[in-house]
Amino acid sequence: MEYPLPKSFSLAEIVGHLGGELIGDAGVQVRQVATLEKATPDTIAFLANERYLGQLKTTRAGAVIVGEQLRALLDMPHIVAANPYAYFARVSALLNPLPAVAAGLHPSASIHPRASIGSGVHVGPNVVVEAGASIAADCRIGAGSYVGAGATIGEGSLLHPNVTVYHGCVLGKRAVVHAGAVIGADGFGIAMDEQRWLKVPQIGRVVIGDDVEIGADVVGGNKVVKVSNYYQNSTKPKKRITVARLKKRLGSIVKSWVTWVTLVLVVALAGGTYWK
């Protein structure tokens, strides 16, 4: 894997790649994106919220992306776009491409003879691809990933290292699955039988649509789930049930019940006194 050397683009080149209307010096070179506040002369910023107009007046950015309402009203070079923030995202992708990888199968990868691998696919070290799995053209399968039997990975998809795709699951085109994610794991299905838990087989599958990005360590259970244009990020910390928290919750429940019982008794006694 080779990291690309930083490359600058002229505003003319950016517009040539992404469209938009350029106003000002087309030869200005930018090498990175930045906020209005942090920008330097070799970066490009954007304005999508009028709340930051004050920063626009003081920014040091070499250029800025703005909406139609600011067309030709700035002294600095700017690109006019219908959606400045979306355009900014595309510029960032242009300036920060993924590290280049060569197509091919790493010698340590285990590919079943009945698996289908498309053209231009990169399969990293220690990847396992089971029988009947299909990986379409131009996919990148990161080190240590697992693609189960009969699973389908759509064209141009990227699986970061240590991703698991269970048997029969489907990822659409251009999917991005971050490290550690598990697609198709069993959900919670058990039945009690004579003081013994029995597992209920999870017979569904997960179907992911096109252009979906799934965050690191996300688990997608196989209860017939279909996802389209959805980003799930697992970076939000999960609440842990501690002894102290459990005591607090139980205390709240007991307190609520005591309150209700007391209220009922008061009403009953008051009613009995009244009717006497």
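Structural notes, computed from the coordinates. Please read all numbers here as calculations on a predicted model, not as lab measurements.

### Examining unusual backbone geometry
Phase 1: Positive phi, close to 60°, is recorded for Asn126, a residue that is not glycine.
Phase 2: With respect to the secondary-structure elements, Asn126 resides in the loop between strand E11 (122-123) and strand E12 (128-129).
Phase 3: Although it is not a glycine, Asp211 sits at a positive phi angle of roughly 60°.
Phase 4: Considering the arrangement of structural elements, one finds Asp211 in the loop between strand E24 (206-208) and strand E25 (213-214).
Phase 5: Accessibility expressed as a relative area gives 42% for Asp211, which makes it partly exposed.

### Some thoughts on the packing of aromatic side chains
Phase 1: Using the criterion set out here, one finds two aromatic pairs in the structure.
Phase 2: Centre to centre, the rings of Phe46 and Tyr85 are 5.1 Å apart; their planes meet at 20°, and the pair counts as stacked. In this pair, Phe46 sits in strand E5 (residues 43-46) while Tyr85 sits in helix H3 (residues 84-95), placing the two residues 39 residues apart along the sequence.
Phase 3: Between Phe46 and Phe88 the ring centres are 4.4 Å apart and the planes differ by 40°, which places this aromatic pair in the tilted class. Separated by 42 residues along the polypeptide, Phe46 in strand E5 and Phe88 in helix H3 bring together distant segments of the chain.
Phase 4: Aromatic rings pair up to connect Phe46, Tyr85 and Phe88 into one cluster.

### A few points about the pattern of salt bridges
Phase 1: Counting across every chain of the model gives five salt bridges.
Phase 2: Of the charged contacts in the structure, one is a salt bridge between Asp42 and Arg31, with a shortest N-O distance of 2.5 Å. Placement of Asp42 in the loop between strand E4 (32-33) and E5 and of Arg31 in the loop between strand E3 (29-30) and E4 is noted, with a sequence separation of eleven residues between them.
Phase 3: Three or more residues joined by partner-sharing salt bridges are found here, namely Glu21, Glu68 and Arg71.

### Looking at the environment of Val91
Phase 1: Its location among the elements puts Val91 in helix H3.
Phase 2: On the accessibility criterion, Val91 (0% relative accessible area) is buried.
Phase 3: Sequence separation between Val91 and Ile14 is 77 residues, and the spatial gap between their C-alpha atoms is 7.3 Å.
Phase 4: Not counting the four nearest positions on each side in its chain, Val91 is found in contact with Ile14, Leu18, Val33, Ile44 and Ile65.

Basis of the calculations
Residues numbered from 1 in each chain as written. Predicted model: local features only at pLDDT ≥ 70, side-chain atom pairs only at ≥ 80, totals over all residues. Heavy atoms only, no water. Helix = DSSP H or I, 4+ residues; strand = E, 2+ residues; numbered from the N terminus. Buried < 20%, exposed > 50% of the residue type's maximum accessible area, 1.4 Å probe, protein only. Phe/Tyr/Trp six-rings, centres within 6.5 Å; stacked < 30°, edge-to-face > 60°. Salt bridge = Lys/Arg side-chain N within 4 Å of Asp/Glu carboxyl O. Contact = heavy atoms within 4.5 Å.

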